[in-house]
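# Analysis of the macromolecular model
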Amino acid sequence: MQVHLSRPDITDAEIALVNEVVHSPVLALGPKMAEFEQAVADYVGRRYAIAVNSGTSGLHLLVRAFGIGEGDEVITTPFSFIASSNCMLYERAKPVFVDIEPDTGNIDPSLIEAAITPRTKAILPVDAFGQPARLDAIREIARRHGLVVIEDACEAIGSEYKGKKAGSGAFSDGAVFAFYPNKQITTGEGGMIVTDDEEVAKLCRSMRNQGRGEAGVWLSHERLGYNYRMDELSAALGVAQMGRIEELIAKRQRVAQMYARRLGGLARSAGAAGSAPRHPGLRLPYVAPEVTRMSWFVYVIRVGVDEPTPERQEAVRDHVMQRFQEAGIGCRPYFTPIHLQPFYRRLFGYKEGDFPVTEAAGRTSIAIPFHNHLTEAEVDYVATVLEQALAEA
Ligand SMILES: *Cc1c(COP(=O)(O)O)cnc(C)c1O
């Protein structure tokens, strides 16, 4: 059996809208982009939404729009996809990492203040795997120190923290969603900046379009810009997906529940007492009670957590991944800590041991197949292979 790690959910609604655009004369900078922006702004409750060609582009534009540049520091998490700290390097600013909470995998707010220096300009929390970071605590720290908050909500469209949506104005000065094919909604490649700040919105609109002024006069460039525009075909996909977003999130929720039911007997859930689990080193995803709605992006389990040494932990994880691969089951180590990536080690001299909680998460985490088409039989197959692999390891 072949079980894919991820798969987009595309229906006739998407195909019809894209088809309509292909047969129209406007393939870029047209009405579908504006419609998609409005749909996301309304959904999140933001005044402005600016569509771009990737989540990475969106993060880069926000870093620039908030004037973060050479020598500035931005506090962020090393347990993320690399784009959330690369966006600072593009501007020669420095990502300053602080470690994560062991259960949620998100930046630990209690460690942030010790990392603030006179050069700190912003905090950039990431909503890992769809779970919002402790956004209210982070906002409060930023307020006390006069810092900007840029929320990387690329994995969290639809999630809610204490009843408020990820990406909303309650938590950040600007946020970014991403629409790569493995995300909750997809535009192929694509991203969306949301903000309530008119000036930031104007700057982002200009910079995504080669630095053109507001009038959009084609050969008048007022500032350094990029081609970060979203095309109309992608925007059409986005409009159709936004029309189905509740259905898409509910389908993912259903798959997460299937895994929880099937794997629940094997694992200990975080904080649970009671009978001993059959595989004490296995952990299912933990969702904090403050997360009033979880919009699942990926399903990441941890294995080998109870092993005595890092080497043993890694060995268990690698064994499970190898068995998955042999069984045709898509999987990925997720995340590999950013500070241990080869060029971050070279640039900043990071080494093993710098962020122990992140590293422990990094060497035990596996993303297992997670998408809307997953069946009970496939979930059962994944669980059976996992059980066997854990018993051997
Ligand atoms: C997907 C993602 C991004 C953006 O990725 P793109 O491929 O550029 O759209 C940024 N940060 C995180 C945490 C992500 O998961």
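The following refers to the structure shown.

Glancing now at the side chain of T187. By the element assignment, T187 lies in the loop between β8 (174–178) and β9 (191–195). Among the polar contacts made by the side chain of T187, one reaches the main-chain carbonyl oxygen of E189 at a distance of 2.8 Å. Other than its neighbours up to four places away in sequence, T187 contacts F36, F179, M230, S234, L237 and G238.

Residues in close proximity to the ligand total 13 residues, the closest being G55, T56, D152, E155 and K183. A distance of 2.4 Å separates an oxygen atom of the ligand from a polar side-chain atom of T56. Within the side chain of D152, an N or O atom sits 2.7 Å from a nitrogen atom of the ligand. Notes on the ligand: free accessible area 390 Å², of which the protein chains cover 92%. In this structure the site holding the ligand corresponds to the largest pocket.

Our next topic: the packing of helix α8 (residues 245–264) against helix α12 (residues 376–392). For the pair α8 and α12, the least separation of the axes is 10 Å and the interaxial angle reads 40°. Between α8 and α12, the interaxial angle falls into the category oblique. When the axes of α8 and α12 are compared, the crossing they make is right-handed. Between α8 and α12, the residues in contact are M258, Y259, R261, R262 and L263 and E376, V379, D380, V382, A383, T384, L386 and E387, respectively. Residues belonging to the contact of α8 with α12 are distributed by class as follows: 7 nonpolar, 1 polar and 5 charged.

To continue, consider the sheet that holds strand β2 (residues 73–76). The sheet built from 7 strands is open, its strands ordered β1-β9-β8-β5-β4-β2-β3 with mixed pairing. The two strands at the open ends of the sheet, each matched to only one other strand, are β1 (48–52) and β3 (94–97). Neighbouring strand axes in the sheet, compared pairwise and without regard to direction, differ in orientation by 25° on average. As paired elements, strand β5 (residues 148–152) and β8 share 3 bridges and run parallel to each other. Bridge pairing links I150 to G174 in β8. Its contacts with the sheet place helix α2 (residues 31–44) against β1, β8 and β9, and it is angled at close to 130° to β1. Running over the sheet, helix α3 (residues 55–65) touches β1, β5, β8 and β9 and is turned about 165° from β8.

Cut-offs applied
Residues numbered from 1 in each chain as written. Predicted model: local features only at pLDDT ≥ 70, side-chain atom pairs only at ≥ 80, totals over all residues. Heavy atoms only, no water. Helix = DSSP H or I, 4+ residues; strand = E, 2+ residues; numbered from the N terminus. Polar contact = N/O pair within 3.5 Å; in protein donor to acceptor, adjacent residues only side chain to side chain. Contact = heavy atoms within 4.5 Å. Near = heavy atom within 4 Å. Areas by Shrake-Rupley, 256 points an atom, 1.4 Å probe, with all protein chains shown as cover. 1 Å grid on protein atoms, 1.4 Å probe; cavity = no way out; pocket = protein on both sides within 12 Å on 5 of 7 lines; lining within 4 Å. Sits in = over half its atoms within 2 Å of the grid points. Axes fitted to C-alpha atoms, helices over the stretch in contact; angles between N-to-C directions. Parallel < 35°, antiparallel > 145°, perpendicular 65-115°, else oblique. Left-handed = near helix turned anticlockwise from the far one by under 90°. Nonpolar A, V, L, I, M, F, W, Y, C, P; charged D, E, K, R; others polar. Pairing = 2+ DSSP bridges.

What is shown is where atoms sit, not what they do.
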